[in-house]
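Okay, here's what each chain looks like letter by letter:
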Amino acid sequence: MRLLKRMYGVDMQVPDGKRPGFYAQVIHKIGDHVNVFDRDGRLFIVESPHERDTLRDILQKAGMLGEEFTLWLLPEGADIAHLDDVGFVSQNEHVYLYADRVAAFSLDAAAGEERDRWAALEQCREHVIGTLHASSSRPTLYLVDANQTDLIEGIARAYRTAVTWWNE
């Protein structure tokens, strides 16, 4: 699995007063036309913009279209503090983050002195809400609130080092 896999969530709103058969027909139509990767209650999770658009069309025609979300599917072993603030665990036990609520960075191993990188990371850790451990293809990634990217950049500059932002 890729590091952060972009996924798409579409929420189904069930209108009052509809017969149970109507709901079942919509679910059946979704099953016939959309490859649903995962679910969380009435939130359908799909892997591509095309699948999202098809799902959106079906739900819109049925008058059941709710909110849409861009999500990150995390690899196993990710450590996330306060997951409920930035994501959720699905029915299939996958961990998702709302893409607009988080940003992922690593410290640039070639920028600055080792002691400065260590000090910058220690200060950044005060703001880290999650960690994706290093793999053979990438360094350890740190997750922060998406509104704190300027703060993280400022910390890196203050310690004469740099960060790399990851979005996939």
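Okay, so let's go over this structure.

## Some details on the pattern of salt bridges
Next up, step 1: Counting across every chain of the model gives 7 salt bridges.
Next up, step 2: Residues E68 and R56 are paired through a salt bridge, measuring 2.8 Å at the closest nitrogen-oxygen approach. Of this pair, E68 sits in strand β4 (residues 65–73) while R56 sits in helix α2 (residues 49–61), and the two are 12 residues apart along the sequence.
Next up, step 3: Judged by relative accessible area, E68 falls into the partly exposed class, the value being 34%.

## Thoughts on the sheet that holds strand β10 (residues 141–145)
Next up, step 1: Read from one edge to the other, the open sheet built from 5 strands follows the order β5-β9-β10-β8-β11, with strand pairing classed as antiparallel. Looking along the sheet, the strands with just one partner apiece sit at the ends: β5 (79–80) and β11 (163–166).
Next up, step 2: Where β5 and strand β9 (residues 128–132) come together, 2 bridges link them in antiparallel fashion. Its bridge partner being in β9, D79 is matched across the sheet by T131.
Next up, step 3: Taken strand by strand, helix α4 (residues 114–125) contacts β8 (102–107), β9 and β10, and its axis lies near 160° from that of β8.
Next up, step 4: Most of the contacts of helix α5 (residues 149–158) go to β11, to which it runs at about 155°, and overall it touches β8, β10 and β11.

## A closer look at the environment of E68
Next up, step 1: Each C-alpha atom of the pair E68 and R56 lies 8.6 Å from the other, and the pair is 12 residues apart in sequence.
Next up, step 2: The contact partners of E68, leaving out residues within four places of it in the chain, are G9, V10, R52 and R56.
Next up, step 3: Engagement of the side chain of E68 in a polar contact is seen with the side chain of R56, the distance being 2.8 Å.

## Some details on the side chain of T161
Next up, step 1: Mapped onto the fold, T161 is located in the loop between α5 and β11.
Next up, step 2: A distance of 2.9 Å separates the side chain of T161 from the backbone oxygen of A111, its partner in a polar contact.
Next up, step 3: Leave out the neighbours within four places in its chain, and T161 touches L107, D108, A111, R117, A120 and A156.

## Things to note about the packing of aromatic side chains
Next up, step 1: Tallying each qualifying case throughout the model produces 5 aromatic pairs.
Next up, step 2: Aromatic pair F88 and Y98: ring centres 5.7 Å apart, planes at 50°, arrangement tilted. Separated by 10 residues along the polypeptide, F88 in strand β6 (residues 87–89) and Y98 in strand β7 (residues 95–98) bring together distant segments of the chain. For the pair formed by F88 and Y98, the shared burial category is buried.
Next up, step 3: By way of ring pairs, the aromatic residues F69, F88, Y96 and Y98 are connected into one cluster.

## Remarks on the packing of helix α1 (residues 20–33) against α2
Next up, step 1: Relative orientation of the contacting elements α1 and α2 amounts to 155°, with a least axis distance of 10 Å. Here α2 runs roughly antiparallel to α1, going by the angle between their axes. When the axes of α1 and α2 are compared, the crossing they make is right-handed. Of the residues in α2, those touching α1 at V26, K29, I30 and H33 are E51, T54, L55, I58 and L59.

Reading guide: rules and limits
- Residues numbered from 1 in each chain as written.
- Predicted model: local features only at pLDDT ≥ 70, side-chain atom pairs only at ≥ 80, totals over all residues.
- Heavy atoms only, no water.
- Salt bridge = Lys/Arg side-chain N within 4 Å of Asp/Glu carboxyl O.
- Helix = DSSP H or I, 4+ residues; strand = E, 2+ residues; numbered from the N terminus.
- Buried < 20%, exposed > 50% of the residue type's maximum accessible area, 1.4 Å probe, protein only.
- Pairing = 2+ DSSP bridges.
- Contact = heavy atoms within 4.5 Å.
- Axes fitted to C-alpha atoms, helices over the stretch in contact; angles between N-to-C directions.
- Polar contact = N/O pair within 3.5 Å; in protein donor to acceptor, adjacent residues only side chain to side chain.
- Phe/Tyr/Trp six-rings, centres within 6.5 Å; stacked < 30°, edge-to-face > 60°.
- Parallel < 35°, antiparallel > 145°, perpendicular 65-115°, else oblique.
- Left-handed = near helix turned anticlockwise from the far one by under 90°.

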